[in-house]
Amino acid sequence: AIKDFGTANFNINKEQIEAGLKAVKWSSRLERINNNLNKLLKNKDDEIWIDGAHNAGGAVVLAEWLSEQKHKDPRKLNYLITGFTKNKAKPEFFEPFKQVANFISTIRVDGEPNPEEAEIIQIIVNQLLIPSQSHDDLIDAINFLVNLNPNLHCRILICGSLYLARDV
């Protein structure tokens, strides 16, 4: 079928559009990490993911994804590592994770020009009664989480800032 895209005509069918969408790679959007950070993991089945989500809408999508992953593989605990721009960490971001995150580690994002302190983020998380702890940096947070329940597998999702995504 011929589709009109502005001034150009393209011969594109539905199957080609679907194939193109399935092949899209969008960095820092539910991207599984395969770099030196993986050396910190204890088990080959443990996972680290990154997503640049930093608002309530993005958090809802991430929480839904974590819930789906939990149903697919209930052996893994869901952990979050979050860092934000100053004054951007809000209870609305963390609310969707109440039922799906086993623990949240908060960090100050080193690459962020105006970072929020990890302790401030942790106060917000604590208000929602989600187990949490602040950490010095990303490495410290990962090391803590992989040792939190050493006999269980983990899925670590890093989110809250595009600067944090860049740092990863």
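That block above? That's the structure.
Because the structure is predicted, anything quoted here is derived from the model rather than measured.

Caption draft 1: Region of interest: the sheet that holds strand β4 (residues 47–50). Pairing is mixed across the open sheet formed by six strands, whose spatial order is β3-β4-β8-β5-β6-β7. For this open sheet the edge positions go to β3 (31–32) and β7 (132–134), each flanked by a neighbour on one side alone. Of the pairings in the sheet, the one linking β3 to β4 comprises two bridges and is antiparallel in character. Counterpart to E31 in the pairing with β4 is I50. Strands in contact with helix α2 (residues 56–72) are β4, β5 (76–82) and β8 (153–159); relative to β8, the strand with the most contacts, it is inclined by about 170°. Contacting β4, β5, β6 (103–106), β7 and β8, helix α5 (residues 138–148) runs over the sheet at an angle of about 160° to β5.

Caption draft 2: View of the side chain of E112. For E112, the location among the structural elements is in the loop between β6 and α4 (118–127). R166 provides the closest opposite charge to the buried, unpaired E112, separated from it by 7.6 Å. E112 has contacts with F84, T85, S161 and Y163, leaving out every residue within four places of it along the chain.

Definitions and cut-offs
Residues numbered from 1 in each chain as written. Predicted model: local features only at pLDDT ≥ 70, side-chain atom pairs only at ≥ 80, totals over all residues. Heavy atoms only, no water. Pairing = 2+ DSSP bridges. Helix = DSSP H or I, 4+ residues; strand = E, 2+ residues; numbered from the N terminus. Contact = heavy atoms within 4.5 Å. Axes fitted to C-alpha atoms, helices over the stretch in contact; angles between N-to-C directions. Buried < 20%, exposed > 50% of the residue type's maximum accessible area, 1.4 Å probe, protein only. Lys, Arg positive; Asp, Glu negative; His and termini not counted. Salt bridge = Lys/Arg side-chain N within 4 Å of Asp/Glu carboxyl O.

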